[in-house]
Amino acid sequence: MILQNHFLIAMPGIKNNRFKESVIYICEHNKHGAMGIIINKAIKNLTIKKILKKLNINTSTCLFGPRISDPVLMGGFHSEDRGFIIHSSKIEFSSSINISNDVFMTTSRDILESVGELEEPNNILVALGYCIWGKDQLEQEILNNFWLTALANKEILFDTPIKQKWAKAAENIGIDIKKISLNAGYA
């Protein structure tokens, strides 16, 4: 089971409150473990524009204002001071890695310098921090019913409002997540 370019959808009864109602986009998954970004938890009062200003990137020339007013996401609990940018674009940015045929991830400043310009990426998510699992850890969490898995969907990744991503990701695999019982039964 390789889950790169998949969503992890937190089950309603997940014990770790930090992951309650989370959707995590898996950026890498191999025999050594997995790495992903939470895509549905905004950092309060932090926007892309504020990040650009902190990095001394000129925002006065931004042609597309709504992009820079997007929130920055709380991507995970590791390296919360490190930025990760998930994007879809035919333009290649320094150190972008392919997650799928049309979704990439980078930590490079050059993509932020393009935000608001005509050649900016088609879609962009900016996150601070990431989630990580060691060898076989994620597989065990899935077996323990902590997560549902679903092939990632660009509409949910980039276009669905943050507060709707959890329910929409589950709907994408035919599940009404809000109707799942928190109590497990035994047959």
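Keep in mind that what you see is a predicted model, and the values were worked out from it rather than measured. Each chain has its residues counted from 1, following the order in which its sequence is written. Where totals are concerned, whole chains, interfaces and linings use all residues; where local detail is concerned, this predicted model gives features only for residues with pLDDT of at least 70, and gives and counts side-chain atom pairs only at 80 or more. Just so you know, side-chain values use all the structure's heavy atoms and leave hydrogens and water out.

**What to know about the packing of aromatic side chains**
Working step 1: Only Phe, Tyr and Trp rings take part, Trp by its six-membered ring, and two of them pair if their centres are within 6.5 Å. Stacked means planes under 30 degrees apart, edge-to-face means over 60, and tilted covers everything else. All chains considered together, the criterion is met by five aromatic pairs.
Working step 2: Seen from their ring centres, Phe 19 and Trp 147 are 5.7 Å apart, and the 75° between their planes marks the pair as edge-to-face. Of the two residues, Phe 19 is situated in the loop between β1 (6-10) and β2 (23-30) and Trp 147 in strand β10 (residues 147-151); the sequence distance between them amounts to 128 residues. Exposure class is identical for Phe 19 and Trp 147. Each is buried.
Working step 3: One aromatic cluster in this structure is built from Phe 19, Phe 77, Trp 133 and Trp 147.
Working step 4: The ring of Phe 77 has Arg 18 sitting right over it, with the charged end atom 4.1 Å from the ring centre. Secondary structure is summarised from DSSP: a helix means a run of H or I of at least four residues, a strand means a run of E of at least two, and numbering begins at the N terminus for each. Any residue under 20% of the maximum accessible area for its type is buried, any over 50% is exposed, and the rest in between are partly exposed; the area is computed with a 1.4 Å probe on protein chains only. Each ring is checked for a lysine NZ or an arginine CZ that lies within 6 Å of its centre and within 35 degrees of its normal; such an atom marks a charge sitting over the ring.

**Side note on the side chain of His 29**
Working step 1: Within the fold, His 29 resides in strand β2.
Working step 2: Judged by relative accessible area, which is 5%, His 29 ranks as buried.
Working step 3: Any N or O atom pair separated by 3.5 Å or less is treated as a polar contact, with the protein-specific requirement of one donor-capable and one acceptor-capable atom, and with residues adjacent in sequence counted only for side-chain atom pairs. Within the structure, His 29 has its side chain in polar contact with the backbone nitrogen of Leu 3 (distance 2.8 Å).
Working step 4: A polar contact of 2.8 Å, which involves the side chain of His 29, links it to the side chain of Glu 139.
Working step 5: Residue contacts are defined here by distance: any two heavy atoms, one from each residue, within 4.5 Å place the two residues in contact. Setting aside its immediate chain neighbours within four residues, His 29 contacts Met 1, Ile 2, Leu 3, Gln 4, Ala 34, Leu 138 and Glu 139.

**Quick word on unusual backbone geometry**
Working step 1: The backbone of Asn 45 shows a phi angle near 60°, a positive value even though the residue is not glycine.
Working step 2: Along the chain, Asn 45 turns up in strand β4 (residues 42-47).
Working step 3: Assessed through its relative accessible area of 60%, Asn 45 is described here as exposed.
Working step 4: Here Asn 145, not a glycine, exhibits a phi torsion of approximately 70°, which is positive.
Working step 5: Relative to the assigned elements, Asn 145 resides in the loop between α4 (137-143) and β10.

**A closer look at the pattern of salt bridges**
Working step 1: By definition here, a salt bridge exists when the distance from a side-chain nitrogen of Lys or Arg to a carboxyl oxygen of Asp or Glu is within 4 Å. Counted by the stated rule, this structure contains three salt bridges.
Working step 2: The residue Glu 171 makes a salt bridge to Lys 168 at a minimum N-O spacing of 3.8 Å. A residue pair is termed a helical-turn pair when its members lie 3 or 4 positions apart in one helix, as Glu 171 and Lys 168 do in helix α6 (residues 165-171) at three residues.
Working step 3: Here Lys 179 makes a salt bridge to Asp 176, at a shortest N to O gap of 3.9 Å.
Working step 4: Under the relative-accessibility criterion, Asp 176 is labelled partly exposed at 40%.

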